[in-house]
Amino acid sequence: MTTQDTQEKELILKGLYRDRDELSSKLTEVEKLIKKIKSNSFSLTQTPVIEDTNNAELLTAPQPEIFPYKAEMKFQILAIIDMIGFACKLKDIQDKYKELTGSLYSVRESLRTLNKHNAIKLLRPKTSDRGLYWVKTEWLNADGNLMDKYKFYGFDQLYKPDTIEFI
């Protein structure tokens, strides 16, 4: 294999990685839109919101995060949890990981490691010894409860703050 062949392959791979990242960000936007429609927080007559500040800047939605394909597994998992955007089960994280990477590698041990280092927490009912949902530690408020913007639809009907704990 010549140096030119290697360089050509690298260029092709860079282009494919770029295309994959762009498609991933578009998919994330579509998933967020689906979530808004399902939660009835989407309106066809929405107009941009302008906040009254000294600069009177137009508020825009943050750019969707691009999945870090070449990062360590821990950082990939944190990115996936951010992409999902609310308390999620292991299966949700595993499915999203498979969708983005094509790998069947189990994310369970990496989740446990992140939990051990307090990057994420496991939500569980106080009467249970089994956790149900993974949340990022930064999603918890000062009282130790999950912030409203990170709750999935129907969360408050299923769980009350005094009946759950984050371990």
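Each remark here, short or long, concerns the structure printed above.
Scope of this entry: the structure provided in the associated data block.

Calculation notes
Position numbers for residues count from 1 along each chain, tracking the sequence in the order it is written. Since the coordinates come from a predicted model, pLDDT governs what is reported: local features require at least 70, and pairs of side-chain atoms require 80 or more to be given and counted, while whole-chain, interface and lining totals use all residues. No hydrogens and no water enter the side-chain calculation; it runs on all heavy atoms of the structure. When DSSP finds two or more bridges between two strands, those strands count as paired. For helices the rule is a DSSP run of H or I covering at least 4 residues; for strands it is a run of E covering at least 2, with both sets numbered from the N terminus onward. Helix axes are fitted to C-alpha atoms over the stretch in contact, other axes to C-alpha atoms as well, and angles between N-to-C directions run from 0 to 180 degrees. Any pair of residues with heavy atoms lying within 4.5 Å of one another is described as a contacting pair. A helix's residues, less one, multiplied by 1.5 Å, set its expected span. In this scheme, a residue with accessible area under 20% of its type's maximum is buried, one over 50% is exposed, and one in between is partly exposed, where area comes from a 1.4 Å probe on protein chains only. Should an angle fall under 35 degrees it is taken as roughly parallel, and over 145 as roughly antiparallel, whereas 65 to 115 is taken as roughly perpendicular and any remaining angle as oblique. The residue classification treats Ala, Val, Leu, Ile, Met, Phe, Trp, Tyr, Cys and Pro as nonpolar and Asp, Glu, Lys and Arg as charged. All others, Gly included, are polar. The definition of a polar contact used here is a pair of N or O atoms within 3.5 Å, where within protein one atom must be able to donate a hydrogen and the other to accept one, and adjacent residues in sequence count solely through side-chain atom pairs. Each salt bridge in this description consists of a side-chain nitrogen of Lys or Arg and a carboxyl oxygen of Asp or Glu lying within 4 Å of one another.

We now examine the sheet that holds strand S1 (residues 120-125). Read from one edge to the other, the open sheet built from three strands follows the order S2-S1-S3, with strand pairing classed as antiparallel. For this open sheet the edge positions go to strand S2 (133-136) and strand S3 (164-166), each flanked by a neighbour on one side alone. The sheet shows a mean angle of 30° between the axes of neighbouring strands, direction not considered. Strand direction decides the pairing type here: S1 and S3, joined by three bridges, are antiparallel. Looking at S3, one finds that Leu123 is bridged to Phe166. Those strands touched by helix H4 (residues 108-116) are S1 and S2, and its axis lies near 100° from that of S1.

Now for helix H1 (residues 3-38). Spanning 36 residues, H1 covers 52 Å between terminal C-alpha atoms, matching the ideal 52 Å at 1.5 Å per step. Those residues of H1 lying buried are Gly15, Asp21, Ser24, Ser25 and Thr28. Residues of H1 that are buried sit in contact with helix H2 (73-84) and helix H3 (90-101).

What follows concerns the packing of H2 against H3. One way to put it is that H2 packs onto H3 with a least axis distance of 10 Å and a crossing angle of 110°. Judged by the inter-axis angle, H2 sits roughly perpendicular to H3. On H3, the residues touching Met73, Gln76, Ile77, Ile80, Ile81, Met83 and Ile84 of H2 are Asp92, Ile93, Lys96, Tyr97 and Leu100. Across the contact of H2 with H3, the residue classes break down as nine nonpolar, one polar and two charged.

With that out of the way, let us pick up the side chain of Lys96. Summarising the element assignment, Lys96 is placed in helix H3. At a separation of 2.8 Å, a polar atom in the side chain of Lys96 contacts the side chain of Glu31.

This brings us to the pattern of salt bridges. The full count for this structure, using the stated rule, is 12 salt bridges. Residue Arg18 is joined to Asp19 by a salt bridge in which the shortest nitrogen-to-oxygen separation is 3.8 Å. The class of Asp19 is partly exposed, set by a relative accessible area of 35%. Among the ionic pairs, Asp156 bridges to Lys151, the shortest N-O distance being 2.9 Å. Owing to a relative accessible area of 38%, Asp156 belongs among the partly exposed residues under this scheme.

Take the packing of H1 against H3 next. In helix packing, the relevant descriptors are the interaxial angle and the interaxial distance, both defined with respect to the helix axes. Two elements in contact, H1 and H3, have axes separated by 11 Å at closest approach and are oriented at 145°. Where H1 abuts H3, its residues Arg20, Ser24, Leu27 and Glu31 lie against Lys96, Glu99 and Leu100. Counted by class, the contact of H1 with H3 contains two nonpolar, one polar and four charged residues.

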